[in-house]
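# Coordinates in review
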Amino acid sequence: MTGFVAALLLWTLVSPGSSDWGGGSAWPTHTACRKEGLEVLYQSCDPLQDFGFSVDQCAKHLKPNLNVRFGIILREDIRELYLDIALISKGDFVLNYSYPICEAELPKFSFCGRKKGEQMNYYGPINNPGFEVYEGKYQVLVELYNEKRATVACANATIICS
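To start, this report covers the structure provided alongside it. (Residues numbered from 1 in each chain as written. Predicted model: local features only at pLDDT ≥ 70, side-chain atom pairs only at ≥ 80, totals over all residues. Heavy atoms only, no water.)

### Quick notes on the pattern of salt bridges
If you walk through the whole model with that rule in mind, you get 7 salt bridges. In this structure, Arg-149 engages Glu-143 in a salt bridge whose closest nitrogen and oxygen atoms are separated by 3.9 Å. Look at the salt bridges and you will find they share partners, linking Asp-84, Glu-143 and Arg-149 into a network. (Salt bridge = Lys/Arg side-chain N within 4 Å of Asp/Glu carboxyl O.)

Rendered as structure tokens:
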């Protein structure tokens, strides 16, 4: 009986469209950071799973080695893990960026090689050049995917700088 209750609870947690109290099939919009005229909001674009993300230093001038927190329960193995980011401003693609996070022969992080059902948590710096966030509203599309091109996590983010 306990296995049935655990399976039912898990199904309820990972199925956003399973009930109307969640507002339909879309995940809620989360705030990654908000401070001094800069706001970063995100929403999972994966219909089956939400995730947690936050930024420690929230400022219009982003410093190198920005500290972030990210957590998710994996629905796919990640022998290899890749990141794609697209930055959109006023309807135009401003930047497309791809980066291998985990490669089969070069695992850069402790979560590389994790299996389906395990937790992937990261807290620490991401190597980025420091830059100024200019006034405006930006859309950011982010996707993490494995070697089979299966989505591990994806998000639609909005950056508002005033």
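Resuming the write-up.
### Some points on the packing of aromatic side chains
Geometry of an aromatic ring pair is reported as the spacing of the ring centres plus the angle between the planes. Under the defined criterion, the tally for this structure stands at 8 aromatic pairs. Relative to Tyr-145, the ring of Tyr-82 has its centre 5.6 Å away and its plane inclined at 25 degrees; by these criteria the two rings are stacked. Placement of the pair is Tyr-82 in strand β6 (residues 81–89) and Tyr-145 in strand β11 (residues 136–146), with a sequence separation of 63 residues. Aromatic pair Phe-109 and Phe-111: ring centres 5.2 Å apart, planes at 5 degrees, arrangement stacked. With a relative accessible area of 5%, Phe-111 lands in the buried category. Feature note: the residues Tyr-42, Phe-51, Phe-53 and Phe-70 constitute an aromatic cluster, connected by ring pairs. Cation over ring: Arg-69 sits above Tyr-123, and NZ or CZ is 4.1 Å from the ring centre. Lying across the ring of Tyr-145, Arg-149 places its NZ or CZ 3.8 Å from the centre. (Phe/Tyr/Trp six-rings, centres within 6.5 Å; stacked < 30°, edge-to-face > 60°. Helix = DSSP H or I, 4+ residues; strand = E, 2+ residues; numbered from the N terminus. Buried < 20%, exposed > 50% of the residue type's maximum accessible area, 1.4 Å probe, protein only. Lys NZ or Arg CZ within 6 Å of the ring centre and 35° of its normal.)

### Points about the state of the cysteines
Evaluated as defined, the whole model comprises 3 disulfides. Sulfur-sulfur distance for the disulfide between Cys-33 and Cys-58 comes to 2.3 Å. One disulfide, between Cys-33 and Cys-58, carries an S-S torsion of 60 degrees and so falls in the right-handed class. A residue pair is termed long-range when its members are at least 10 positions apart, and Cys-33 in strand β1 (residues 30–35) and Cys-58 in the loop between β3 (52–55) and β4 (61–62) qualify at 25 residues. Both residues of the pair, Cys-33 and Cys-58, count as buried. Two residues, Cys-45 and Cys-154, share a disulfide whose sulfurs are 2.2 Å apart. Here the residue Cys-45 occupies a position in the loop between β2 (38–44) and β3, and Cys-154 occupies one in strand β12 (residues 151–161), the gap between them amounting to 109 residues. (Disulfide = S-S within 2.5 Å.)

### Here we look at the sheet that holds strand β7 (residues 92–103)
Spatial ordering of the open sheet is given by β1-β2-β12-β11-β6-β7-β8, a layout of 7 strands whose pairing is antiparallel. Only two strands of the sheet have a single partner each, and these edge strands are β1 and β8 (106–107). Relative to β8, β7 is paired through 2 bridges, and the arrangement is antiparallel. Residue pairing in the sheet places Glu-103 in a bridge with Leu-106 of β8. (Pairing = 2+ DSSP bridges.)

### A look at the pairing of β12
Within β12, 8 of the 11 residues are buried, leaving the element largely enclosed by the surrounding structure. Sheet topology note: the β11/β12 ladder contains 10 bridges and is antiparallel. By the bridge assignment for β12, Tyr-145 is matched with Thr-151.

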